[in-house]
Every structure is written in C-alpha cells, then in structure tokens.
Amino acid sequence: MYSFAIVAEAMLNGLLTGAVYALIALGLTLVYGVLHIINFAHGAFLTCAMFAVWAAHSMLGLDPYLAILPLTLIFFAIGYGVQRFVIGPASHGDDGNILLVTLGLSIVIENALLAVFRSDTRSLSTEYSFNVVELGPLLISQARLFGFAGALVVTLLLWLVLARTDTGKAIRAVAKEKLGASLVGIDVRHVYAVTFGIGCATLAVAACLLMPTFYVNPRVGGAFVLVAFTIVVLGGMGSIPGALAGGLFIGVVESLCGLYLGESLGQIGIFLIFILVLLFRPTGLFGARA
C-alpha cells in the first residue's frame, strides 16, 4: 500500500496530464461534431506539430511556450488548406471517402516524417523542464502545471468562440443542420475548413505544452490519438465539456494504474474504461442520443 501523499501526488499529476489529453481530444471532437467524421490523420498532425516545436527550439532557439502563437496560426492555416483543397474535393461529399482520405493522409505524413527524421526519438530541454513546485508534501512538475493552465485557457477560449462569435454560431448551425445553414447563406465548405483548421490549431498548442516534458518520433501521435478517441467516447461525441471532463478523468486513471501496475501497464485502465463506456453508456457522459 502506498501512502496518502504518494496517491494524492499521482492523482494530481494525472489531472495535469489529463488536461493536455483533453486538449488533443478537443480537436477530434470538434471535427466530429461539425463534419460528423472521425479524422484518422489527427495523430499525424499532432506528430507534425511536435516536430515543429522541436525544430523551432533546436534550430531557432524558440521557447516552446513562445512558439504557441506562431505555430497555432501556421497549423490553423495548414488545417484549413488541407480540408478545403484536399479532403473536401477528394471526398466528393461522401463521408466514407473522407475517412479514407484522412487515413491516407495519416500514412503519407507518417512516412514523410520517417523519411526526413528517421525513426530516432528526439526531445528538448528547457530551464523549467525538470523544475518542481512544492504543494505541501506534494511535488508537482512546473511544466505540467503550465500545461494544465494552458489547456484550461484554450478550452475556455474555444468555448467562447463557439458561443459568442459569428463564426462560432455558423459552426454550431452547420453542426445542427447543414442544409438549413446553407439556405440562410452560410458557406458550409468554409465552415468545414475553419473547423478543421481549429482542430489542427489545438494540436499545435498541445504540442507546445507537451514537448518540455515529452519526446517525439514519427509514430508518437498514434499513442496519443488512442487516448483521445477514448476521451471523445467517454465525454460524448462532439461535446467540448465532455472532452475536458473525460481528459481529466482518463489522466487520473492512467496515473493510478501506472502507480499500482507499473508504468508500462498504465494504459490498461484507459482501455478498460473505453470498453465499459461502450457497453453501458455508448453516448458518453455528456452525449445525447441521436
């Protein structure tokens, strides 16, 4: 048995990690909520963003947190362009084709990264990467605290954009009724591209928050996306509050399983939760029946 302090520290670290997981899941759930498709290229775009953070730090000396703004804008533009000029035209309006196109993009991006960076694992080191903050008897990673705060801020900003801006209202209208939105003058193709761009932008922020304490290789995005899929299902497909709550919960589950079962078996609890949700509440915590 572990002491209360050790268990509490594991749970708190799980919450901090779970917030970044939720940020990764946000883009996935937003794209599903509007386009009603699963983006299989989500992990590949996350890997690209993590390599971009590594390159900005290693080659330009740019701190990962200072890279958030430029990389967010760059990845929004990339996501917008990919959806508007690749996924949209190639799918011909068929959701099945969209799934195949995103799967193909994932394979192309991953192999391009393998060709450029090989299979080597890379990481970066900052002045605060190994700093800790003392909260009574608990020792918490400073970088994870920054990541937690950043993830909450981005989630709040995204909610405000969707709830209070004209663009957000257009996104919600298209998500509810595509034909009705087009009849009142909303450019549905533009909204699709904006939504996909926002999804990629959230990945850029997540990559900047992850890299001070994590590593990157051409296949790393796949592991995060498996967790993100579980979070989306747990929180409810298309639900932003559900993604945040699901991410925090999954982070705690992973941390506790890693404490009691060992680090290599930490994700067993995640997939057990995934199976239980599919069995007993397939709509998720915040999802609604169709």
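You'll find the structure just up there.
So, here is what we can say about the structure in this document. Note that residues are indexed from 1 along each chain, following the sequence as it is written. In keeping with the model being predicted, local features are shown solely for residues with a pLDDT of at least 70 and side-chain atom pairs are shown and tallied solely at 80 or more, while totals for entire chains, interfaces and linings include all residues. Only hydrogens and water are removed before side-chain values are computed, so all heavy atoms of the structure are retained for them.

**Here's the deal with the overall build of the protein chain**
Alright, step 1. Note on conventions: DSSP H or I runs of at least 4 residues are helices, E runs of at least 2 residues are strands, and numbering of each starts at the N terminus. A count of helices and strands for the protein chain gives 11 helices and four strands.
Alright, step 2. Computation of the radius of gyration draws on C-alpha atoms alone. For the globule rule, the value is 2.2 Å times the number of residues to the power 0.38. Taken against the 2.2 N^0.38 rule, which gives 19 Å for 290 residues, the C-alpha radius of gyration of the protein chain at 19 Å falls within 12% of a compact globule.
Alright, step 3. Dimensions of the protein chain along its principal axes, counting C-alpha atoms only, are 60 × 45 × 35 Å.
Alright, step 4. The rule is simple: take the accessible area with a 1.4 Å probe, protein chains only, and divide by the maximum for that residue type; under 20% is buried, over 50% is exposed, in between is partly exposed. Sorting the 290 residues of the protein chain into buried and exposed places 49% on the buried side.
Alright, step 5. Taking the intrachain contacts of the protein chain between residues at least 6 apart in sequence as the baseline, contacts between residues at least 24 apart amount to 77%.
Alright, step 6. Surface exposure of the protein chain reaches about 14,000 Å², of which carbon and sulfur atoms provide 68%. When checking whether two residues touch, look at their non-hydrogen atoms; a contact exists if any pair is within 4.5 Å. Residue burial considers only the protein chains on display, and all accessible areas are found by Shrake-Rupley using a 1.4 Å probe.

**Structural notes on the pairing of strand S2 (residues 132-135)**
Alright, step 1. Pairing between two strands is assigned when DSSP locates at least 2 bridges connecting them. The pairing of S2 with strand S3 (residues 138-141) spans four bridges and is antiparallel. The residue of S3 that forms the bridge with valine 132 is serine 141.
Alright, step 2. The hairpin turn running from S2 into S3, its antiparallel successor, is two residues long, and glycine 136 in that turn takes a positive phi close to 65°.

**A look at the packing of helix H9 (residues 220-235) against helix H11 (residues 268-280)**
Each packed pair of helices is defined by two parameters, the angle between the axes and the distance between the axes.
Alright, step 1. Inter-axis angles, ranging from 0 to 180 degrees, are taken between N-to-C directions of lines fitted to C-alpha atoms, where helices are fitted over the stretch in contact. Remark: H9 packs on H11, axes separated minimally by 10 Å, with the N-to-C direction vectors making an angle of 35°. Once H9 is placed against H11, the crossing between them reads as left-handed. Taken together, the residues of H11 that come into contact with H9 (itself represented by Leu226, Val227, Phe229, Thr230, Val233 and Leu234) are Ile270, Phe271, Ile273, Phe274, Val277 and Leu278.
Alright, step 2. Under the scheme applied here, ten amino acids are nonpolar (Ala, Val, Leu, Ile, Met, Phe, Trp, Tyr, Cys and Pro), four are charged (Asp, Glu, Lys and Arg), and all others, including Gly, are polar. For the contact of H9 with H11, the residue count by class is 11 nonpolar, one polar and no charged. Here a crossing is called left-handed whenever its near helix is offset anticlockwise from the far helix by less than a right angle, and right-handed whenever the offset is clockwise.

**Considering helix H4 (residues 95-117)**
Alright, step 1. Here H4 contains 23 residues, and its C-alpha end-to-end distance of 33 Å stays within 8% of the 33 Å for a straight helix at 1.5 Å per residue.
Alright, step 2. Where H4 is buried, its residues contact helix H2 (42-60), helix H3 (68-91) and strand S1 (122-123).
Alright, step 3. Following H4 by one or two positions, arginine 118 has its phi on the positive side, about 60°. Working rule for helices: expected span equals 1.5 Å times residues minus one.

**Description of the nonpolar core**
Alright, step 1. By nonpolar core we mean a set of buried residues, namely Ala, Val, Leu, Ile, Met, Phe, Trp, Tyr and Cys, connected to one another through side-chain atoms within 4.5 Å. Leu23, Ile24, Phe45, Met50, Phe224 and Ile250 are the most contacted members of the largest nonpolar core, which totals 78 residues.
Alright, step 2. No other element matches the 16 residues that helix H8 (residues 188-210) contributes to this core.
Alright, step 3. Filtering out sequence-adjacent residues up to four positions away, methionine 50 remains in contact with Ala207, Met211, Phe214, Tyr215, Val216, Val220 and Phe224.

**Quick word on the environment of methionine 211**
Alright, step 1. Counting through the fold element by element, methionine 211 comes out in the loop between H8 and strand S4 (215-216).
Alright, step 2. A relative accessible area of 0% means that methionine 211 is categorised as buried.
Alright, step 3. Taking the C-alpha atoms as reference points, methionine 211 and glycine 235, 24 residues apart in sequence, are found 26 Å from one another.
Alright, step 4. Setting aside residues up to four positions removed in sequence, methionine 211 forms contacts with Met50, Val53, Trp54, Arg122, Leu124 and Val216.

**So, the environment of leucine 69**
Alright, step 1. As for its placement among the helices and strands, leucine 69 is situated in helix H3.
Alright, step 2. Leucine 69 sits in the exposed class, given a relative accessible area of 59%.
Alright, step 3. Sequence separation between leucine 69 and proline 218 is 149 residues, and the spatial gap between their C-alpha atoms is 23 Å.

**Observations regarding unusual backbone geometry**
Alright, step 1. Within the chain, histidine 36 stands out as a residue other than glycine whose phi angle is a positive 60°.
Alright, step 2. Examined against the element boundaries, histidine 36 turns out to sit in the loop between helix H1 (4-35) and H2.
Alright, step 3. In this structure, arginine 118 takes a positive phi of about 60° despite not being glycine.
Alright, step 4. With respect to the secondary-structure elements, arginine 118 resides in the loop between H4 and S1.
Alright, step 5. According to the relative accessible area criterion, arginine 118 is exposed, its value standing at 54%.

**Comments concerning a nonpolar patch on the surface**
Alright, step 1. There is a patch of nonpolar side chains on the surface, built from Val153, Leu156, Leu157, Trp159 and Leu160 and spanning about 470 Å² of accessible area.
Alright, step 2. Looking at the element boundaries, leucine 160 is found in helix H5 (residues 142-164).
Alright, step 3. For leucine 160, a relative accessible area of 31% gives the class partly exposed. Patch definition: residues with relative accessible area over 30% and no salt bridge; like charges joined within 9 Å; nonpolar side chains (Val, Leu, Ile, Met, Phe, Trp, Tyr) joined within 5 Å. By definition here, a salt bridge exists when the distance from a side-chain nitrogen of Lys or Arg to a carboxyl oxygen of Asp or Glu is within 4 Å.

Without other data, these values stay purely geometric and don't point to any function.
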